[in-house]
Amino acid sequence: LGPKEFHPSPAKGPCPANSSGQASFEEAVRATDMGNLYVLGAGSSTTPPPALYSGDRWKELIGRSAEHFKLIIVDSPPIVPLADFEQISAACDAVLAVVRTHHARKDILKKASGTIDTNKLIGVVLNASITDSKEFRYNYYGYDAKTGKP
């Protein structure tokens, strides 16, 4: 999404560990310039992130979101070295990993792959790749839709 397409207005979010309740769910969910796309900001908190996601308020927030939306995407911090990922993913139905080309180290990727519940992993997005690089090319073979043969 380009900056002209995606303009959620800044808002206080219902930070799961914020007992003062910065904003209600309804106040915090913001429409964007794209139809049927809404954003729920995290808000702010002085509570350490692992405590934010280990409490019941995080699970309640995900449950409340599921009542209003068919698809909920949680943008989380990197899997490694933070402990937050396991707590965040525990409340999610699936995980889509994003790996930045030529940035992520193999040892970190191996460690991250051991952290992800393979039953929840639905795919990996290779981000920031150079499409004209020979490294990422492959030959495409078509097939006949009627016969199913190449």
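Residues numbered from 1 in each chain as written. Predicted model: local features only at pLDDT ≥ 70, side-chain atom pairs only at ≥ 80, totals over all residues. Heavy atoms only, no water.

1. Notes on the nonpolar core
Worth spelling out the cut-off: To form a nonpolar core, buried Ala, Val, Leu, Ile, Met, Phe, Trp, Tyr and Cys residues must be joined to one another through side-chain atoms within 4.5 Å. Residue exposure (1.4 Å probe, protein chains only): buried if accessible area is under 20% of the type maximum, exposed if over 50%, otherwise partly exposed. The helix count covers DSSP runs of H or I at least four residues long, the strand count covers runs of E at least two residues long, and both are numbered beginning at the N terminus. Note on contacts: a residue pair qualifies if any of its non-hydrogen atoms lie within 4.5 Å across the two residues.
Of all hydrophobic cores here, the largest spans nine residues; its members are F25, V29, L52, Y53, W58, L61, I62, I88 and C92. Contributions of two or more residues to this core are made by α2 (49-54) and α3 (56-68). Looking at this core element by element, the count peaks at three residues for α3. Excluding anything up to four places from it in sequence, F25 contacts L40, L61, R64, S65, H68 and F69.

2. What to know about the pairing of strand β3 (residues 95-100)
Put simply, the rule is: Two strands are said to pair when DSSP picks up at least two bridges between them. Throughout, right-handed denotes a crossover for which the path from the first strand over the helix to the second runs clockwise when the strands point away from the viewer.
What you see with β3 is a clean split: V95, A97 and V99 sit on the buried side and L96, V98 and R100 on the side with no burial. Across six bridges, β3 lies against strand β4 (residues 121-127) in parallel orientation. Looking across to β4, one finds that V95 is bridged to L121. In this fold, β3 hands off to helix α5 (residues 106-115), which returns the chain to β4; that crossover is right-handed.

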